[in-house]
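Secondary and tertiary structure notes
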Amino acid sequence: MSETPKTTSKIEIRGLRKSFGSNEVLKNINLDVAKGGVVALIGPSGSGKSTLLRCINLLVVPDGGSVRVGDTRFAFGEGTKLPDVKTLAGFRATTGMVFQHFNLFPHMTTLQNVMEGPVTVRRMARADAEKLAREQLAKVGLAEKADQYPATLSGGQKQRVAIARALAMEPDVMLFDEATSALDPELVGEVLSVMQRLASEGMTMVIVTHEIAFAREVADRLIFMRDGVVVEEGPARQVIDNPQEAATRAFLSHFHRTGALPPANTVS
Amino acid sequence: MYQWDFGILWSYRWLFLNGLGVTVGFTVVIVVCGLLFGLLGAFGSLSRFKAIRLAALAFIEAFRCTPILVQLIWFYYALPILAGVEMTPITASALALSLYGGSFYSEIIRGGIVSIDSGQSEAGAALGMTPIQTMRRIVLPQAIKRMIPALMNQSIIQFKNTSLVSVLAVPDLVYQSQVAAHDSYRPLETYTAVAVAYAAILIPLTIIVRRGEKRLAVSE
């Protein structure tokens with residue numbers, strides 16, 4: 001299914017299967033993401049795109065197939081042993097993830113949220129971690145919010161903190177799970193612009209999104225999923241402007257596919 | 001009309017103070033041990049392993065669903081006969097009260113932990129934390145805040161439950177006041193004074209905890 005040349009793919013997924021009970025959510029998924037590549041996953045809800053994303057950092061453990069990120073590869077299925085908690089944790093530390101509902105730690109300040117990974121997981125000295133965290137907060141434009149608690153921030157600000165928190169682990173890849181779906185329309189732009197800058201800096205990214213215009217602009221590849229299978233895949237602009245499959249066409253007809261990205265500070 | 005005479009109690013003051021000391025000391029022991037049993041019960045009932053979950057559940061329901069007075073008597077009189085385990089009245093009642101309290105603490109702690117949104121553990125896991133790190137750094141600090149009112153409530157009940165150890169002749173405040181009441185023929189005064197003593201200790205405590213709760217709530 002994948003035609004990506006096998007040069008230096010950062011993420012490689014082969015024959016991935018996952019069921020929840022009798023519900024088969026992923027059916028033999030193959031996916032390659034080149035180093036520095038940005039892949040957008042789109043599809044109707046229930047298509048399996050979020051599950052696929054969660055299989056990349058093993059927040060969801062697949063039933064079969066294999067997942068490789070960088071040099072670490074895990075195989076699943078009959079006869080394979082599940083990785084132990086330490087191995088899993090070490091693997092997840094190299095992949096950053098941003099959630100639809102932010103999942104910031106409410107009992108910590110913004111700065112503490114961003115420091116938590118470096119201090120607890122990477123065992124970094126507090127002073128170094130604080131310096132790193134302040135840099136990441138500055139990068140998402142929230143340096144002055146360092147000492148506030150998440151409850152005092154807007155949705156867009158929360159999501160930018162969540163991105164800073166993931167980036168503080170200095171991950172190889174970033175996974176975005178509908179990062180703007182829970183935001184008020186006027187706050188979407190500020191998060192997308194952070195993501196866009198990240199992509200332009202060469203971060204390898206997999207983005208589950210409903211922002212088709214953003215995917216067209218920022219992603220170099222696009223994958224359309226439905227009912228647990230990849231229906232169509234290709235260069236983002238080509239798939240969005242000229243979908244080959246009827247299902248892709250039907251799905252995309254619900255969206256404005258082109259036009260400017262929502263600007264960072266005005267109502268869209 | 002009954003003629004109250006609290007003055008007569010003054011001559012028993014050392015007996016009362018002695019009993020009060022035993023009651024307070026006993027409460028400290030059974031609250032601390034009860035919380036330890038509660039932690040074990042809570043984590044046991046959240047374990048990935050079914051055998052551990054079932055064992056924790058058996059412990060919780062055995063002690064939660066039987067009366068504490070029966071447990072006290074059972075620990076002191078039945079265990080020596082059935083299991084050959086001899087215990088002093090103090091050990092038997094400390095153990096029974098700790099386990100009894102522990103079964104309720106278990107449910108409070110478990111409830112607090114599961115009330116934290118699963119997205120919090122997911123975010124911890126995604127950062128590369130182990131389940132233990134996620135529990136310690138992310139889930140427990142938030143869960144404890146929610147548990148405190150219920151834990152306090154249960155500890156107040158535990159404090160008052162210590163009055164039952166008098167049935168095993170442990171010389172707590174109630175036991176000593178029985179002695180005083182029989183000696184002075186003044187049960188009304190004696191037990192009124194006992195009630196006042198319990199309240200005098202608990203009411204300031206509840207005020208302190210309420211203040212603490214308010215301070216904790218601010219940081220959220």
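Residues numbered from 1 in each chain as written. Chains lettered and ligands numbered in written order. Predicted model: local features only at pLDDT ≥ 70, side-chain atom pairs only at ≥ 80, totals over all residues. Heavy atoms only, no water.

Which parts of space are left empty comes out when a probe the size of a water molecule is rolled across the atoms. As a volume, the largest pocket reaches approximately 1,100 Å³. Forming the walls of the largest pocket are 28 residues, and the residues nearest its centre are Arg 48, Thr 130, Pro 131, Ile 132 and Met 135 of chain B. Elements supplying a minimum of two residues to the lining of the largest pocket: α2 (85-92) of chain A together with α4 (89-114), α5 (118-127) and α6 (131-161) of chain B. Sorting elements by how many residues they give to the lining of the largest pocket places α6 of chain B first, with six residues. In terms of residue class, the lining of the largest pocket is made up of 18 nonpolar, five polar and five charged. A volume near 230 Å³ is recorded for the second largest pocket. Lining of the second largest pocket is provided by Phe 6, Leu 9, Trp 10, Arg 13, Phe 16, Leu 17, Leu 20, Leu 173, Thr 190, Ala 193, Val 194 and Ala 197 of chain B. Contributions of two or more residues to the lining of the second largest pocket are made by α1 (13-45) and α8 (187-218) of chain B. Split by residue class, the lining of the second largest pocket holds ten nonpolar, one polar and one charged. (1 Å grid on protein atoms, 1.4 Å probe; cavity = no way out; pocket = protein on both sides within 12 Å on 5 of 7 lines; lining within 4 Å. Points joined across faces, edges and corners; volume = space filled by probe spheres on them. Helix = DSSP H or I, 4+ residues; strand = E, 2+ residues; numbered from the N terminus. Nonpolar A, V, L, I, M, F, W, Y, C, P; charged D, E, K, R; others polar.)

Turning next to the interface of chain B and chain A. Taken together, the 21 residues of chain B in the interface contact 25 residues of chain A. Between chain B and chain A lies a buried interface of about 1,900 Å² when both sides are counted; carbon and sulfur atoms form 62% of it. Counting the surface chain B buries against chain A, the share from its top three residues, Ala 126, Leu 127 and Arg 137 of chain B, is 29%. For the pair chain B and chain A, the number of links is two salt bridges. Of all the secondary-structure elements, those providing two or more residues to the side of chain B that touches chain A are α5 and α6 of chain B. For the side of chain B that touches chain A, the leading source of residues is α5 of chain B, giving eight residues. Counted by class, the side of chain B that touches chain A contains eight nonpolar, eight polar and five charged residues. (Contact = heavy atoms within 4.5 Å. Buried area = accessible area lost by both parts, 1.4 Å probe. Salt bridge = Lys/Arg side-chain N within 4 Å of Asp/Glu carboxyl O.)

Next up on the list: a nonpolar patch on the surface. Residues and elements named next belong to chain B. A contiguous nonpolar surface patch, about 630 Å² in accessible area, is contributed by Val 24, Val 28, Val 32, Leu 36, Leu 39, Phe 43, Leu 46 and Val 114. The element contributing the most residues to the nonpolar patch is α1, with six residues. In this fold, Leu 39 is placed in helix α1. When its relative accessible area of 35% is taken as the criterion, Leu 39 is described as partly exposed. (Patch = residues over 30% accessible without salt bridge, like charges linked within 9 Å, V, L, I, M, F, W, Y side chains within 5 Å. Areas by Shrake-Rupley, 256 points an atom, 1.4 Å probe, with all protein chains shown as cover. Buried < 20%, exposed > 50% of the residue type's maximum accessible area, 1.4 Å probe, protein only.)

Under the present numbering, the feature "domain: ABC transmembrane type-1" (unreviewed entry) in UniProt falls on residues 16-209 of chain B. Between the C-alpha atoms that bound residues 16-209 of chain B there is a distance of 27 Å. The span itself is 84% helix and 0% strand. (UniProt positions renumbered as here; feature names shortened; annotations may be inferred.)

Another point: unusual backbone geometry. Glycine aside, a negative phi is what most residues show, and trans is what most peptide bonds show. All names here are of chain A. A positive phi angle, near 55°, is found at Asn 103, a position not held by glycine. Relative to the assigned elements, Asn 103 resides in the loop between β6 (95-98) and α3 (110-121). Among the residues examined, Asn 103 registers a relative accessible area of 7% and is labelled buried. Of note in this structure, Glu 178 is not a glycine but carries a positive phi near 45°. You can see Glu 178 is positioned in the loop between β7 (173-177) and α6 (185-200).

With that out of the way, let us pick up the packing of aromatic side chains. Residue and element names in this part refer to chain A. One pass over the structure, following the stated rule, counts ten aromatic pairs over all chains. With centroids separated by 5.2 Å and ring planes inclined at 35°, the aromatic side chains of Phe 224 and Phe 251 adopt a geometry described as tilted. Within this pair, whereas Phe 224 is found in strand β9 (residues 221-226), its partner Phe 251 is found in helix α9 (residues 246-252), the two being separated by 27 residues in sequence. The burial state of Phe 224 is the same as that of Phe 251; both residues are buried. Geometrically, the ring pair formed by Phe 251 and Phe 255 is tilted, given 5.2 Å between the ring centres and 55° between the ring planes. The class for Phe 251 is buried, based on a relative accessible area of 10%. By the ring-pair criterion, three or more aromatic residues cluster together here, those being Phe 224, Phe 251 and Phe 255. (Phe/Tyr/Trp six-rings, centres within 6.5 Å; stacked < 30°, edge-to-face > 60°.)

Right, let's talk about the sheet that holds strand β1 (residues 9-20) of chain A for a bit. All names here are of chain A. If you walk across this open sheet you meet the four strands as β2-β1-β4-β5, and the pairing is antiparallel. The sheet is open, and its two borders are formed by β2 (23-34) and β5 (72-76), each paired with just one other strand. Neighbour to neighbour, the strand axes of the sheet diverge by 15° on average, direction disregarded. The pairing of β1 with β2 spans eight bridges and is antiparallel. The residue of β2 that forms the bridge with Glu 12 is Asp 32. (Pairing = 2+ DSSP bridges. Axes fitted to C-alpha atoms, helices over the stretch in contact; angles between N-to-C directions.)

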